[in-house]
Amino acid sequence: MTRPPGSPVRHVVYLHGFASSPASTKAAYFAERFRAHGVPFECPDLNEPDFRTLTMTRMLEQVARRVEAAGEAAVTLMGSSLGGTLAVLAAERLGARVDCVI
């Protein structure tokens, strides 16, 4: 899994599912695999500041901040369950800043 010469540096943002977290087994597995290949990876805690006030709007804002923080890197949004729905909605909102949704 090497990057072809001239291809953009990718940044993967994994969006966990409902009632999950960045500490999940799945998030840890993906983090380990991507980092082993030198691909920047992050999994924001979509439950912050607290689970009780969780809304799609708040999660979309969190994702938008993460995508902007990636700078010029091509951003791939990768989601599981509710995180998958969030990835699709965020990609529609953020347009060209997101190059791939998994």
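Student: Where do I start with the pattern of salt bridges in this structure?
Tutor: Between side chains of opposite charge, a pair can form as their charged atoms come close. Per the stated rule, a full pass over the model turns up four salt bridges. One salt bridge in this structure joins Asp 99 and Arg 10, with 2.0 Å as the shortest N-O distance. Linking Asp 99 in strand β4 (residues 98-101) with Arg 10 in strand β1 (residues 10-15), this pair joins segments that are 89 residues apart in sequence. The exposure class of Asp 99 is partly exposed, given its relative accessible area of 38%. Between Glu 32 and Arg 33 there is a salt bridge; the shortest N-O distance is 2.6 Å.

Student: Looking at this model, I keep getting lost on the side chain of Thr 76. Mind explaining?
Tutor: Its place among the elements puts Thr 76 in strand β3 (residues 74-79). Judged by its relative accessible area of 4%, Thr 76 is buried. Polar side-chain contacts of Thr 76 include one of 3.4 Å to the side chain of Asp 99. Dropping the residues within four chain positions of it, Thr 76 is found in contact with Arg 10, His 11, Val 12, Val 13, Asp 99, Cys 100 and Ile 102.

Student: What should I look at first to understand the confidence of the model for the chain in this one?
Tutor: Detailed reading of the predicted model is not advised wherever pLDDT is low. Residues at a pLDDT of 70 or more form 91% of the chain, whose mean pLDDT is 92. Taking the mean pLDDT of every element in the chain, the minimum, 94, falls on β1 and the maximum, 97, on helix α3 (residues 82-94).

Student: Sorry if this is basic, but what is going on with unusual backbone geometry here?
Tutor: A negative phi holds for most residues other than glycine; trans holds for most peptide bonds. The linkage connecting Glu 48 with the following residue, Pro 49, adopts the cis geometry, with an omega of 5°. Within the element layout of this structure, Pro 49 appears in the loop between β2 (41-42) and α2 (56-69). The residue Ala 19 is not glycine, and still its phi comes out positive at about 65°. If you trace the backbone, Ala 19 turns up in the loop between β1 and α1 (25-36). At Ser 81, a position not held by glycine, the phi torsion is positive, near 55°. Looking at the element boundaries, Ser 81 is found in the loop between β3 and α3. Take Ser 81: its relative accessible area is 60%, and that puts it in the exposed class.

Cut-offs and rules
Residues numbered from 1 in each chain as written. Predicted model: local features only at pLDDT ≥ 70, side-chain atom pairs only at ≥ 80, totals over all residues. Heavy atoms only, no water. Salt bridge = Lys/Arg side-chain N within 4 Å of Asp/Glu carboxyl O. Helix = DSSP H or I, 4+ residues; strand = E, 2+ residues; numbered from the N terminus. Buried < 20%, exposed > 50% of the residue type's maximum accessible area, 1.4 Å probe, protein only. Polar contact = N/O pair within 3.5 Å; in protein donor to acceptor, adjacent residues only side chain to side chain. Contact = heavy atoms within 4.5 Å. pLDDT = per-residue confidence, 0-100.

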